[in-house]
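Letter by letter, the chains look like this.
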Amino acid sequence: NPTTGTCVCSNDSTQIGVGCSTCDLNCKTCSTSISTCTSCDFTTNKRIKNGNTCICGLGYYENNVPKCEACSYSCLSCNATGCLSCNPSNHRTLTGKTCPCNSGYYNSNTNPLCLLCNPSCKTCTQQDQCVDCPDNSDFISTPGLCKCKDGFYRDTTTNKCQPCAYYCETCT
């Protein structure tokens, strides 16, 4: 500004001495110094403000470039080597650096939410594709599902095989 003798810097820079200096790459805008961020770019770089700095938002990690990298769909938070935490409401539990589905749930493509197995399954690969049956010797594995042995029926409340009445060979 020729009248006041001050510089007007662009939004992505700040006045340092008599000139303008570009803000740190992690900042969208800055003031007083190039690393004192006043705003961050979440839309493009997935960064959020934390004090006077811009850090990667939840679900993203630092990769030494302005744009944060996305975590695996199954992670809540992560770093370059894998998951650091999982979202328990998605039925996932941290195991090493991954977030597999909990027992009784299965992974559906890239959906962060694990889906419920058929109630007759202990673990499954799809809703009606059991891998393991519940820990109950009365269950037998049939192609894809678990069913009760002859002479037993599955109690839907307890998910256990209960004996049929003595006069029935099979029952439901």
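A. Representation of the state of the cysteines. In the structure shown here, the tally under the stated rule is 13 disulfides. Here Cys133 is linked by a disulfide to Cys146, with a sulfur-sulfur distance of 2.1 Å. Here Cys133 and Cys146 share a disulfide; its torsion about the S-S bond, -95°, makes the bridge left-handed. Highlighted residues: Cys133 in the loop between strand E14 (129–132) and strand E15 (139–142) and Cys146 in strand E16 (residues 145–148), separated in sequence by 13 residues. The class for Cys146 is buried, based on a relative accessible area of 6%. A sulfur-sulfur separation of 2.2 Å characterises the disulfide bridge that pairs Cys148 with Cys161. Around the S-S axis, the bridge from Cys148 to Cys161 shows a dihedral of about -95° and counts as left-handed.

B. View of the environment of Gln127. Note that Gln127 resides in the loop between strand E13 (123–126) and E14. Along the primary structure Gln127 and Pro88 are separated by 39 residues, whereas in three dimensions their C-alpha atoms are 20 Å apart. Those residues in contact with Gln127 that lie beyond four places of it in its chain are Tyr106, Leu116, Cys117, Asn118 and Cys121.

C. Spotlight on the pattern of salt bridges. Within this structure, the stated rule accounts for one salt bridge. For the salt bridge of Glu62 with Arg47, the shortest nitrogen-to-oxygen distance reads 2.8 Å. In this pair, Glu62 sits in the loop between strand E7 (60–61) and strand E8 (69–70) while Arg47 sits in strand E5 (residues 47–50), placing the two residues 15 residues apart along the sequence. Residue classification places Arg47 among the buried positions, given a relative accessible area of 1%.

The rules we used
- Every chain is numbered on its own, with residues counted from 1 as its sequence reads.
- Local features in this predicted model are restricted to residues of pLDDT 70 or higher, and side-chain atom pairs are both shown and tallied only at a pLDDT of 80 or more, whereas totals for entire chains, interfaces and linings draw on every residue.
- For the side-chain quantities, the full set of heavy atoms in the structure was used; hydrogens and water were omitted.
- Here, a disulfide means two cysteine sulfur atoms that sit within 2.5 Å of each other.
- Comment: elements are numbered from the N terminus, with helices defined as DSSP H or I runs of at least four residues and strands as E runs of at least two.
- Note on exposure labels: buried denotes an accessible area under 20% of the residue type's maximum, exposed denotes more than 50%, and partly exposed covers the range between, all computed with a 1.4 Å probe on protein chains only.
- Contacts between residues were defined by any pair of non-hydrogen atoms, one from each residue, lying within 4.5 Å.
- Put simply, a salt bridge is a Lys or Arg side-chain nitrogen that is within 4 Å of an Asp or Glu carboxyl oxygen.

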